Amino acid sequence: MDNSWKDLALEVIQGKELSDGEALSILQCPDGELLELLNGAYQIRKHYYGNKVKLNMIINTKSGLCPENCGYCSQSIVSKAPIEKYAMVDKDTIIKGAEKAHKLNVGTYCIVASGRGPTNRDVDKVVSAVKEIKENYDMKVCACLGLLKEDQAERLKEAGVDRYNHNINTSENHHEQITTSHTYEDRVNTVEIAKKQGISPCSGVIVGMKESLQDVVDMARSLKVLDADSIPVNFLHAIDGTPLEGTDELDPRYCLKVLCLMRFINPTKEIRISGGREVNLRSLQPLGLYAANSIFVGDYLTTAGQQETADHQMLKDLGFEIDYTNEITAEELV
């Protein structure tokens, strides 16, 4: 496609929505034009977020023991991966995780639990911990507990949960190739339940699960329709013992193109480089932040991230700064 990526970016800032052809051209961008494409994505990112980067940290409060059959997940019932399995941790453990996040200048602390959805007892524990976290730390709290019921969402909101994460993971067309134990609509419904209670919706994807380029475009468009405030972009880290074991479709340059696509289609949203960035972006990790404006620090659910100090050094080397604000202000959206 013969175009100027910077010109296209300026059109997006002015309200243009990409055609499918334009979107696919980003994913098919010749490697020789990659820096120009990143510059285009950076124009959009800089317009809405400047050089600020939001930091997020996960605590895995419940590991394994999940009845779902998601092909990418080491915690699923079909996985043979040798992971640590445990029931919901106690409130003090969740609070200690928040204390660590606070010391690392993390803006959003993510309380994650495996399983189809939370029991009421699980919600009780999260609610109790969140109330105490909010009393002691000025940080945003995100919950990621699976498929959610309306009364559970209401309780989480009342406790002070700011954001709820439930990823669509893949396109509606590709969903049944990844899991059959719940539907794509189940995932969308959980995001809508959170939104109904006034909780900021967080929903993202996992790229590299044998989907097509059009599937990736469809994911980006679906997240725009969902109006997800935060979009985590995960790159498959294929774990031995899972159905997707041995899958290796990604290279660092393509991962950067995916991040650019997400920025072009969801220009005002928080785009977060998430799981798998270390093994898929590798030495090109810093370049991802010219399109994205958010990262996870520390470890993920069952895989290790790079050291938190390395992430802080990366931001310093880029000349970027940590975004300590909890929300985007109206002044930033100009």
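See the structure shown above.
Residues numbered from 1 in each chain as written. Predicted model: local features only at pLDDT ≥ 70, side-chain atom pairs only at ≥ 80, totals over all residues. Heavy atoms only, no water.

Things to note about the state of the cysteines
- The tally for this structure, following the rule as stated, stands at zero disulfides.
- The thiol sulfur of Cys260 is not disulfide-bonded, and the nearest other cysteine sulfur, from Cys29, lies at 7.9 Å.
- For Cys260, a relative accessible area of 0% corresponds to the buried category. (Disulfide = S-S within 2.5 Å. Buried < 20%, exposed > 50% of the residue type's maximum accessible area, 1.4 Å probe, protein only.)

Focus: unusual backbone geometry
- With a phi close to 65 degrees, Asn105 is a non-glycine residue in the positive phi region.
- As for its placement among the helices and strands, Asn105 is situated in the loop between α4 (91–103) and β2 (108–113).
- Assessed through its relative accessible area of 31%, Asn105 is described here as partly exposed.
- Positive phi, close to 50 degrees, is recorded for Arg282, a residue that is not glycine. (Helix = DSSP H or I, 4+ residues; strand = E, 2+ residues; numbered from the N terminus.)

Some points on the packing of helix α1 (residues 5–13) against helix α3 (residues 34–49)
- Where α1 meets α3, the closest approach of the two axes is 7 Å, and the angle between their N-to-C directions is 25 degrees. Put simply, α1 runs roughly parallel to α3. In the crossing of α1 with α3, the sense of the turn from one axis to the other is right-handed. The residues of α3 that touch α1, namely those facing Trp5, Lys6, Ala9, Val12 and Ile13, are Glu36, Leu37, Asn39, Gly40, Gln43, Ile44, His47 and Tyr48.
- In terms of residue class, the contact of α1 with α3 is built from seven nonpolar, four polar and two charged. (Axes fitted to C-alpha atoms, helices over the stretch in contact; angles between N-to-C directions. Parallel < 35°, antiparallel > 145°, perpendicular 65-115°, else oblique. Left-handed = near helix turned anticlockwise from the far one by under 90°. Contact = heavy atoms within 4.5 Å. Nonpolar A, V, L, I, M, F, W, Y, C, P; charged D, E, K, R; others polar.)

Fair warning: the whole summary comes from geometry, so function is off the table for now.
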